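Fold and contact review
Here is what each chain is made of, one letter per residue.
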Amino acid sequence: MPAALKEAPSDLLGPERQRRLEAFRRVRAETERRAAPLSPEDQAIQSMPDASPIKWHRAHTTWFFETFLVQPNVRGYTVYDERFAFLFNSYYVAAGPRHARPKRGLITRPNGAEVADYRAHVDAAVENLIAEASSAAWPGIARILDIGLNHEEQHQELMLTDILHAFAQNPTNPAYDTNWQPPKANPKDGYVELPEGIHAIGHQGEGYCFDNEGPSHRVLVGPVKIARSLVTNAEWLGFMNDGGYANPMLWLSDGWAASQAEGWQAPGYWQERDGAWHQLTLAHLKPIDPAAPVTHISYYEADAFARWAGKHLPTEQEWEVAARQGALSDAFGIVWQWTRSAYSPYPGFVACDGALGEYNGKFMVNQMVLRGSSLATPAGHSRVTYRNFFYPGARWQFTGLRLAYYAERFSLT
Ligand SMILES: [Fe+2]
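Residues numbered from 1 in each chain as written. Predicted model: local features only at pLDDT ≥ 70, side-chain atom pairs only at ≥ 80, totals over all residues. Heavy atoms only, no water.

1. Some points on the coordination of the iron ion
The protein atoms that coordinate the iron ion are His60 (NE2), His151 (NE2) and His155 (NE2), at distances of 2.1 to 2.2 Å. All donors of the iron ion come from a single chain, and their spacing in sequence reads H-x90-H-x3-H. Here histidine 155 lies in helix H7 (residues 138–168) and histidine 60 lies in helix H4 (residues 54–73), a separation of 95 residues in the sequence. Here histidine 155 falls in the buried class, since its relative accessible area comes to 10%. (Donors = N, O, S within 2.8 Å, 3.2 Å for Na, K, Ca; no water. Helix = DSSP H or I, 4+ residues; strand = E, 2+ residues; numbered from the N terminus. Buried < 20%, exposed > 50% of the residue type's maximum accessible area, 1.4 Å probe, protein only.)

See the structure below:
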């Protein structure tokens, strides 16, 4: 703990700084809690270019605070290790050159203990800054601090999805946590009907949001019906047993090409054992629960399933309007839900200046929006306006779907 905090009782910080300090400690501790069950060997592995080693996540989130919060705001601060900017910058071109993403698993040094030391050093610098920043500088510092905390929470989710992908490459089906239990779904029957209407979507008012959640604006939605519940494993088995993976008529061209190239016959991490389907979870291989929401499916699979079912995926606007009405069961905390919306800027979106303007805006092409949150999303990180995004072939996240359909044909003639 920095000397300033040892000397000053924390209640002298004032409620806003105290709240930020507690949030900072909570988020940083959660990263370490998620890493704790993993051995140094587990933490070093990178199983594919999209996934990063756990050790890298722990260092990169630290580099983020050091680079965007501490360095610009602490006069005379000396970077902990000049080599780390190259190793742990992810994609911020404006922040300088960086190590190739697919080669993150080759970085055995610094080792895990050295990364822990790096974290502790930057933690102390951030806590000191929270205590000592001038009133004039504080609003800007608080803004970057909030971005850093939300950024680290995003990486906490990736830590679980990335290690699960790594474990899926191991024929012994390792467990991240043998006591882990899947969240219980709370399905409800039927569809909610959204009549045609103009609705406000996007973030407004108080509370944190990423820049891609705004500006708030009005959209025309409906008439459309959206499933109250997520698609289940039992329903997915119906698609599989009906030859869904073998019928090109159900698939987008790119999706069919991906399914053939990658040999998709079932959702990600499914394995057939003694004639019964199992899925690798965070707690070993488990028999498929027919009632549980399906997960580890790509956008292409979700789209093919919806076509097979005679329906489609909701747009992200339809999803948000229905979620705001409280009409969607299991909107949060089980699986991210693919929408049929391409990830693009909202009307009036402007990325912020500087390197942090690269956070979201430069990815607004060729990816699809997912709404809700998953079982791996940290507590408090979910919002009705949250826009997650992945490439349509990605299936290592906890991704599922809910269906929608138009009860009327649209025509202006
Ligand atoms: Fe990052």
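So much for the structure itself; the text now carries on.
2. A look at unusual backbone geometry
Cis geometry marks the peptide bond from arginine 109 to proline 110; its omega dihedral reads 5°. Along the chain, the position of proline 110 falls in the loop between helix H5 (84–88) and helix H6 (112–132). Along the chain, glycine 214 connects to proline 215 via a cis peptide bond; the corresponding omega equals 0°. One can find proline 215 in the loop between strand E2 (197–201) and strand E3 (217–221). One non-glycine residue with positive phi stands out, namely aspartate 330, at about 55°. With respect to the helices and strands, the residue aspartate 330 is situated in the loop between helix H11 (316–324) and strand E8 (336–342).

3. Side note on the side chain of arginine 383
Position of arginine 383 among the secondary structure elements: in the loop between strand E9 (368–371) and strand E10 (388–390). Leave out the neighbours within four places in its chain, and arginine 383 touches Asn150, His203, Tyr208, Cys209, Phe210, Glu213 and Phe332. (Contact = heavy atoms within 4.5 Å.)

4. Digging into the nonpolar core
Membership of the largest hydrophobic core comes to 89 residues, with the highest contact counts inside it found for Val126, Trp236, Trp338 and Leu401. Among the elements that line this core, the one with the most residues is H7, at 13 residues. If you look at the next biggest cluster of nonpolar residues, it comprises 16 residues, including Leu194, Val224, Val321 and Ala323. (Core = buried A, V, L, I, M, F, W, Y, C linked by side-chain atoms within 4.5 Å.)

5. Here we look at helix H8 (residues 233–241)
The complete set of buried residues in H8 reads Asn233, Trp236, Leu237, Phe239 and Met240. Buried residues along H8 cover an arc of 155° about the axis, so they all sit on one side. Looking one or two residues beyond H8, the residue adopting positive phi is glycine 243, at roughly 80°. (Arc of directions from axis to C-beta.)

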